[in-house]
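For reference, the chains in residue letters:
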Amino acid sequence: MQLDKIIMKEGMVHAYSEIADAADKSANETEEVILFHNFDHDPYYQQKFVSSAVYLKSDDFLFRGYNSLVQEDAEKHMKLAMHFSIEIYGNVSDEVIQKTNSLEFPLKRFATSSVG
């Protein structure tokens, strides 16, 4: 599972909502490898959004990471954001970590524990 946490610059929430809506539709239409994809808006902090995506395997995450539409959307998001970070939950391949690190966003990884 991947969570992108985004905090918009002052006055950019409406513009970001439009970009996020287009990105969500694009992901759902062009990326069969995503089991679930959604954008959520924090009701208590109007400038905060979370994008969540669930993949079956690491190669599916990589498919998304190399998708040019996703890269274009990320660039648009960054122009409006004052914070953008990625969290990855679960065990993923080293290639996923390398790809995510190459994007130069803050990354936090939560590996699956022995508890399950």
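Each value, and the rule that gives it
- Residues numbered from 1 in each chain as written.
- Predicted model: local features only at pLDDT ≥ 70, side-chain atom pairs only at ≥ 80, totals over all residues.
- Heavy atoms only, no water.
- Patch = residues over 30% accessible without salt bridge, like charges linked within 9 Å, V, L, I, M, F, W, Y side chains within 5 Å.
- Areas by Shrake-Rupley, 256 points an atom, 1.4 Å probe, with all protein chains shown as cover.
- Salt bridge = Lys/Arg side-chain N within 4 Å of Asp/Glu carboxyl O.
- Helix = DSSP H or I, 4+ residues; strand = E, 2+ residues; numbered from the N terminus.
- Buried < 20%, exposed > 50% of the residue type's maximum accessible area, 1.4 Å probe, protein only.
- Pairing = 2+ DSSP bridges.
- Right-handed = clockwise from strand over helix to strand, strands pointing away.
- Core = buried A, V, L, I, M, F, W, Y, C linked by side-chain atoms within 4.5 Å.
- Contact = heavy atoms within 4.5 Å.
- Polar contact = N/O pair within 3.5 Å; in protein donor to acceptor, adjacent residues only side chain to side chain.
- Axes fitted to C-alpha atoms, helices over the stretch in contact; angles between N-to-C directions.
- Parallel < 35°, antiparallel > 145°, perpendicular 65-115°, else oblique.
- Left-handed = near helix turned anticlockwise from the far one by under 90°.

**Focus: a nonpolar patch on the surface**
Taken together, the side chains of Leu35, Phe36 and Leu56 make up a nonpolar region of the molecular surface, amounting to roughly 340 Å² of accessible area. Tracing the backbone through its elements, the reader meets Leu56 in the loop between strand S3 (48–55) and helix H2 (58–65). What makes Leu56 exposed here is its relative accessible area of 65%.

**Some words on the pairing of strand S4 (residues 81–89)**
Pairing geometry for strand S1 (residues 2–8) and S4, over seven bridges, is antiparallel. In the sheet register, Gln2 faces S4, and the bridge partner there is Ile88. Where S4 lies against strand S5 (residues 107–110), four bridges are found, and the strand directions are parallel. Bridging across to S5, Ile88 finds its partner in Arg109. Taken together, S4, helix H4 (residues 94–102) and S5 constitute a β-α-β crossover, and its handedness is right-handed.

**Observations regarding the nonpolar core**
Residues Ile6, Met8, Tyr16 and Ile88 are the most contacted members of the largest nonpolar core, which totals 23 residues. Counting residues per element, this core draws most heavily on helix H1 (residues 13–30), which supplies five residues. Beyond its immediate stretch of four places on either side in the chain, Tyr16 contacts Ile6, Met8, Phe39, Phe49, His77 and Leu80.

**Remarks on the environment of Lys5**
Turning to its location among the elements, Lys5 is positioned in strand S1. Sequence separation between Lys5 and Glu87 is 82 residues; the distance between their C-alpha atoms is 7.9 Å. Once residues within four sequence positions are removed from consideration, Lys5 is found in contact with Phe49, Val50, His83, Phe84, Ser85 and Glu87. A polar side-chain atom of Lys5 sits 3.1 Å from a polar atom in the side chain of Glu87.

**A closer look at the pattern of salt bridges**
Taken as a whole and assessed by the stated rule, the structure comprises two salt bridges. One salt bridge in this structure joins Glu87 and Lys5, with 3.1 Å as the shortest N-O distance. Here Glu87, found in strand S4, pairs with Lys5, found in strand S1; they are 82 residues apart in sequence, far enough to count as distant. Residue classification places Lys5 among the partly exposed residues on the basis of a relative accessible area of 25%. Note that Asp60 and Lys57 form a salt bridge whose closest N and O atoms lie 3.5 Å from each other. In this structure Lys57 comes out as partly exposed when scored by relative accessible area, which is 46%.

**Here we look at the packing of H1 against helix H3 (residues 68–80)**
Orientation of H1 relative to H3, taken along the N-to-C sense of each, is 165 degrees, at an axis distance of 10 Å. By the angle between their axes, H1 is roughly antiparallel relative to H3. As for the relative orientation of H1 and H3, their crossing is left-handed in sense. On the side of H1, the interface is formed by Ala15, Tyr16, Ile19, Ala23, Ser26 and Thr30, while H3 contributes Leu69, Asp73, Lys76, His77 and Leu80.

**Examining the environment of Leu62**
Relative to the elements of secondary structure, Leu62 occurs in helix H2. In sequence terms Leu62 and Ser93 are 31 residues apart; their C-alpha atoms lie 9.7 Å from each other.

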